[in-house]
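# Observations on the model geometry
So you can see what is in the structure, the chains are spelled out below.
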There are 2 protein chains.
Amino acid sequence: MARQERAIRTRRMILEAAGAVFDEHGYASTTIAMVLERAEVTKGALYFHFPSKESLAQAVLAEQVLFGAVPSRSSKLQEVIDMTFAVGQRLRSNALLRGGVRLAVDQETPSGIDRGEPFRQWSRRLTALLERAAEQGELLPTVRPADTVDLLVGAFTGIQLMSRALTDRADLADRLAVLWAHMLPSIAVPGLLPGLDSRADRGVRVLAEIDPARAGAEAEERTPAGVR
Amino acid sequence: MARQERAIRTRRMILEAAGAVFDEHGYASTTIAMVLERAEVTKGALYFHFPSKESLAQAVLAEQVLFGAVPSRSSKLQEVIDMTFAVGQRLRSNALLRGGVRLAVDQETPSGIDRGEPFRQWSRRLTALLERAAEQGELLPTVRPADTVDLLVGAFTGIQLMSRALTDRADLADRLAVLWAHMLPSIAVPGLLPGLDSRADRGVRVLAEIDPARAGAEAEERTPAGVR
């Protein structure tokens, strides 16, 4: 059992190191040696878990959707909103998530790596939630959940990218609030709108709910120096 | 005059070759030699126009916004819609545009190259159009043109990227139609909505208006084999 726990922890350390290196250098320039140095594990341990750079990249991509974890809500549309803000917030602090996003977005990622997989995973997960929202009467009858979700995943991808290029993601939460302000009137039944929360600080509050200590630190990081 | 025309044509050939090579290989793997071979111009001619790989990349990025050219419309919101569909359609046939998009999107593009510039150019251009739309009473009073435009540019970026990763951009026009179906009710005055055209084949029709012969060929390219 102790050995198994150690293996899980080692695998995690390797994944986190690989995410950070992929985020900083991209697929082509990343070498196993760079990941080894960052992870501080033995070569044997790394190859035991990941036989190749390809398998490392695929594992980093597969982790992405796990960062969408948020508390369950009675309004499934609110849960979808929360997921976008939580991922936006986690992008600021988590290099494994950033590495997966870079691998999915960069055209240099070779075709042997399935860059489409995270897009499909997010789509499946969010479509299931929006379909439940529809069953509960939260959505306008014109909404086709799969279309709305594809738009949401594509728009989120581009918004975080533009936010990264222009402000190193400092304004991402504000941009997500603008996205929801434009989309919600076209998808939610009018009676639901006043109860939905899609303000820019939603991500900070959702993470605080999950882990009060850590989210506090993240909120502080967000605060410009001298404002505290 | 003949010499000047030749210089303009040479510069154009180099830019188109550079766009294609950047699109296929990304910034880091592109070499001047690859561009020379593709452009079929002399080394002297290339260095006369572009002293470095950086200057080539910056010029390719600067060309991007020119691909937004569409006929003027009385409804400025329609003109914005047309621009998105025209760029979407041109992305399928124009390697110079694709190269610029890849340079702007790929994280590997070095920080010495200003990747944010095309985002800012699109934003300025579209904001000017949306402000005119607002003056003409086309927009709901709640709309802040700069916010709506930032959302539009970010969403477009991600939608084309997701479309490329999943279908090599074959479904891009359909995705743009979904984007507008979700955004228009939040930005246009209700009376304008029935008159706006944001159907998926809008790009093909706008390009046919500009250049009937060429757009015909592009529409044929879109048709799957055996359907004609």
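Keep in mind that what you see is a predicted model, and the values were worked out from it rather than measured.

### Structural notes on the overall build of chain A
A count of helical and extended segments in chain A gives eleven helices and zero strands. Along chain A, from the amino end to the carboxyl end, the secondary structure elements read α-α-α-α-α-α-α-α-α-α-α. Expected size for 228 residues packed as a compact globule is a radius of gyration near 17 Å; at 19 Å, chain A falls within 12% of this value. Each principal axis of the C-alpha atoms in chain A carries an extent, and together these give about 60 × 45 × 40 Å.

### Description of the UniProt feature "DNA-binding region" (unreviewed entry) in chain A
The positions that UniProt labels "DNA-binding region" (unreviewed entry) are, in the present scheme, residues 31-50 of chain A. The distance from the first to the last C-alpha atom of residues 31-50 of chain A is 13 Å, and the span holds 75% helix and 0% strand.

### Things to note about the relation of the copies chain A and chain B
Superposition record for chain A on chain B: RMSD 0.0 Å, screw rotation 180°, translation along axis 0.0 Å. These values place the two chain copies in the arrangement generated by a two-fold rotation axis. Interface overlap between copies: 100% of the residues of chain A at the interface are likewise at the interface in chain B, consistent with a symmetric, same-surface contact.

### Focus on the interface of chain A and chain B
The accessible area lost on association of the parts is a frequent measure of interface size. On the chain B side, the residues contacting the 36 residues of chain A number 36 residues. Of the roughly 2,900 Å² buried between chain A and chain B, counting both surfaces, carbon and sulfur atoms make up 63%. When residues of chain A are sorted by the area they lose upon contact with chain B, Q107(A), M162(A) and H182(A) head the list and together hold 23% of the total. On inspection of chain A and its partner chain B, the count reaches twelve residue pairs in polar contact (both at pLDDT 80 or more).

What counts as what
- Residues numbered from 1 in each chain as written.
- Chains lettered and ligands numbered in written order.
- Predicted model: local features only at pLDDT ≥ 70, side-chain atom pairs only at ≥ 80, totals over all residues.
- Heavy atoms only, no water.
- Helix = DSSP H or I, 4+ residues; strand = E, 2+ residues; numbered from the N terminus.
- Rg over C-alpha atoms; globule rule 2.2 N^0.38 Å.
- UniProt positions renumbered as here; feature names shortened; annotations may be inferred.
- Least-squares fit on C-alpha atoms with pLDDT ≥ 70 in both.
- Contact = heavy atoms within 4.5 Å.
- Buried area = accessible area lost by both parts, 1.4 Å probe.
- Polar contact = N/O pair within 3.5 Å; in protein donor to acceptor, adjacent residues only side chain to side chain.

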